[in-house]
Amino acid sequence: THHYASLSFNGSRTTTGTVDISQGGHCYIANVFTFNGSTDYVEVETFQGTGAGNVDATGQNSLFGGYRLIGV
């Protein structure tokens with residue numbers, strides 16, 4: 001079973017990751033985006049590519065975080 005995750009900035013995919021869950025391990029992806037206007041946006045996408053079962057976003061092993069840093 002493969003699990004995929006990606007980050008997109010303003011509609012363009014910038015970062016992707018994959019892991020074979022049957023072999024154990026985790027899928028980590030990260031990026032830093034610079035927002036220059038009020039229309040900039042980030043999208044997070046995750047899906048299961050192969051195998052049976054469901055991707056569980058409510059389990060204790062699922063985590064997503066985002067931070068807004070304001071420069072001086």
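Since this is a predicted model, take the numbers as computed values, not measurements.

Glancing now at the confidence of the model for the protein. For the protein, mean pLDDT is 81; residues scoring 70 or higher make up 81% of the total. Strand E2 (residues 12-20) holds the highest mean pLDDT among the elements of the protein, 90, whereas strand E3 (residues 42-48) holds the lowest, 86.

Below, the discussion takes up the environment of Thr18. The residue Thr18 is located in strand E2 in this model. Non-local contacts of Thr18, meaning those with residues more than four positions away in its chain, are made with His2, His3, Tyr4 and Cys27. A polar contact of 3.4 Å, which involves the side chain of Thr18, links it to the backbone oxygen of His3.

Let us look at the packing of aromatic side chains. Enumeration over the complete set of coordinates arrives at 3 aromatic pairs. Considering the side-chain rings of Phe9 and Phe33, the 5.1 Å spacing of their centres and the 15 degrees angle between planes classify their relative orientation as stacked. Taken as a pair, Phe9 in strand E1 (residues 2-9) and Phe33 in the loop between E2 and E3 lie far apart in primary sequence, 24 residues in all. On the basis of an interplanar angle of 85 degrees and a centroid distance of 5.3 Å, the ring pair of Phe9 and Phe35 is categorised as edge-to-face. With a gap of 26 residues between them, Phe9 in strand E1 and Phe35 in the loop between E2 and E3 connect regions that are remote in the sequence. Given a relative accessible area of 17%, Phe9 falls into the buried group. Assessed through its relative accessible area of 45%, Phe35 is described here as partly exposed. Ring pairs connect the aromatic residues Phe9, Phe33 and Phe35, which therefore count as one cluster.

Conventions and cut-offs
- Residues numbered from 1 in each chain as written.
- Predicted model: local features only at pLDDT ≥ 70, side-chain atom pairs only at ≥ 80, totals over all residues.
- Heavy atoms only, no water.
- pLDDT = per-residue confidence, 0-100.
- Helix = DSSP H or I, 4+ residues; strand = E, 2+ residues; numbered from the N terminus.
- Contact = heavy atoms within 4.5 Å.
- Polar contact = N/O pair within 3.5 Å; in protein donor to acceptor, adjacent residues only side chain to side chain.
- Phe/Tyr/Trp six-rings, centres within 6.5 Å; stacked < 30°, edge-to-face > 60°.
- Buried < 20%, exposed > 50% of the residue type's maximum accessible area, 1.4 Å probe, protein only.

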